[in-house]
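# Breakdown of the fold
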Amino acid sequence: MSFTLDFFSLKGKTALVTGARTGIGQAISVALAAAGAHVLLLGHRDNLGETKEKIEKINGTYETLLVDLSDTSTIREKITPILEKHEIDILVNNAGIIHREPAAEFSETEWLRVMDVNINSVFILSQEIGKAMVARNSGKIINIASLLSFQGGLFVPAYTASKHAVTGLTKALANEWASKGVQVNAIAPGYIETNNTEAIRNDENRNKSILERIPAGRWGEADDLAGTAVFLASKASDYVNGHVLVVDGGWMGR
Ligand code: NAP
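Once that is clear, we can look at helix 4 (residues 108-136). With 29 residues, helix 4 should reach 42 Å at 1.5 Å per residue; the first-to-last C-alpha distance of 40 Å fits that figure. A maximum bend of about 45 degrees is found in helix 4 at D116. Taking the backbone nitrogen of T109 as reference, a side-chain oxygen 3.3 Å away marks S107 as the first, capping residue of helix 4. Just past helix 4, the residue N137 takes up positive phi, approximately 60 degrees.

This is the structure:
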């Protein structure tokens, strides 16, 4: 079939985006809705208002779901009724948290919380939603990785370990499911202006040294991830499997 712009359309598709209340998850949710998908916005507090308003403004459609991804023992039971109601074509594992503390003092509670939200929940959701995709021989899973999927970072050992694991899981699932019509890929955002990076943006020295290394000369905005997410969610990427697509203003090439 020859290429047409329709390859990028998500009309008739249902997408689930975790961490949809703010930042990158919000931008991806609005972008998928703009491309035609019905978007299930997953948050863990009842205040997805801004994302809902942005989707309403573009006449998109959505539903909201509340699931605390740090409570991994309850994710499967909360996701089951959603799977009974919807065939999910696109899963975006975006929710993520960061805890900054020197490694020698790093709290074990925080280590486990970061791992639960950033990687353990990603496995559980990918398994539950992915097996339905495999049964239908069709689906897209997009995991949000990080530059710290490649580098060590500073004072964020749990985050770094979890984001290395995200790319490993992406490749492992892609190897099993590429032949079953399910594409599993990841996006590794560079330094993006969101709540996640507020602390380092407020640190004058860190901010300056980060900016000096970004060839594009600016921090990214959440909307800089939108086109990449639509591409990986669409037919246009049907032969892309197990790839980690870096969107970083050139940081990794420096
Ligand atoms: P963000 O605005 O803090 O977004 C994180 C989202 O995850 C929030 O909507 C948050 O909801 C949600 N979340 C946190 N704990 C949760 C839980 N227990 N259950 C369900 N949802 C939960 O930051 P962001 O930058 O957009 O982060 C999105 C993803 O991008 C993360 O995986 C992050 O690691 C990754 N990333 C970000 C950057 C960057 O420079 N910003 C770079 C690389 C990768 P609440 O706000 O309601 O708690």
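A word on the site of the ligand. As a matter of local geometry, the ligand sits amid 29 residues, with R21, H44, N94, Y159 and T194 nearest to it. At a separation of 2.6 Å, an oxygen atom of the ligand approaches a polar side-chain atom of R21. K163 places a side-chain nitrogen or oxygen 2.9 Å from an oxygen atom of the ligand. Protein contact buries 93% of the 880 Å² of open area that the ligand shows by itself.

Attention shifts here to the packing of aromatic side chains. Counted under the stated rule, the structure contains 6 aromatic pairs. On the basis of an interplanar angle of 90 degrees and a centroid distance of 6.4 Å, the ring pair of F106 and W111 is categorised as edge-to-face. The buried category is assigned to F106, whose relative accessible area is 14%. When its relative accessible area of 31% is taken as the criterion, W111 is described as partly exposed. With a centroid separation of 4.8 Å and 55 degrees between ring planes, the pair formed by Y191 and W251 is classed as tilted. Taken as a pair, Y191 in the loop between strand 6 (182-189) and helix 6 (198-202) and W251 in the segment after strand 7 (244-247) lie far apart in primary sequence, 60 residues in all. For the residue pair Y191 and W251, the accessibility class agrees, reading buried in each case. Between K235 and the ring centre of F7, over which it is positioned, the NZ or CZ distance is 5.0 Å.

Turning our attention to the pattern of salt bridges. In total, this model carries 9 salt bridges according to the counting rule given. In this structure, the salt-bridge partner of K85 is E63, at a minimum N-O distance of 2.8 Å. Within this pair, whereas K85 is found in helix 3 (residues 72-85), its partner E63 is found in strand 3 (residues 61-66), the two being separated by 22 residues in sequence. Linking D224 and R218 is a salt bridge whose minimum nitrogen-to-oxygen distance equals 2.9 Å. Its relative accessible area of 30% is what places D224 among the partly exposed residues. A residue is classified by how much of its surface remains accessible, and R218, at 41% relative accessible area, is partly exposed. Within the structure, one salt-bridge network assembled from shared partners comprises R76, E128 and K131.

The rules behind each value
- Residues numbered from 1 in each chain as written.
- Predicted model: local features only at pLDDT ≥ 70, side-chain atom pairs only at ≥ 80, totals over all residues.
- Heavy atoms only, no water.
- Helix = DSSP H or I, 4+ residues; strand = E, 2+ residues; numbered from the N terminus.
- Expected span 1.5 Å × (residues − 1).
- Bend = angle between axes of the 7 residues up to and from the residue.
- Polar contact = N/O pair within 3.5 Å; in protein donor to acceptor, adjacent residues only side chain to side chain.
- Near = heavy atom within 4 Å.
- Areas by Shrake-Rupley, 256 points an atom, 1.4 Å probe, with all protein chains shown as cover.
- Phe/Tyr/Trp six-rings, centres within 6.5 Å; stacked < 30°, edge-to-face > 60°.
- Buried < 20%, exposed > 50% of the residue type's maximum accessible area, 1.4 Å probe, protein only.
- Lys NZ or Arg CZ within 6 Å of the ring centre and 35° of its normal.
- Salt bridge = Lys/Arg side-chain N within 4 Å of Asp/Glu carboxyl O.

That's the geometry; what it means functionally is another story.
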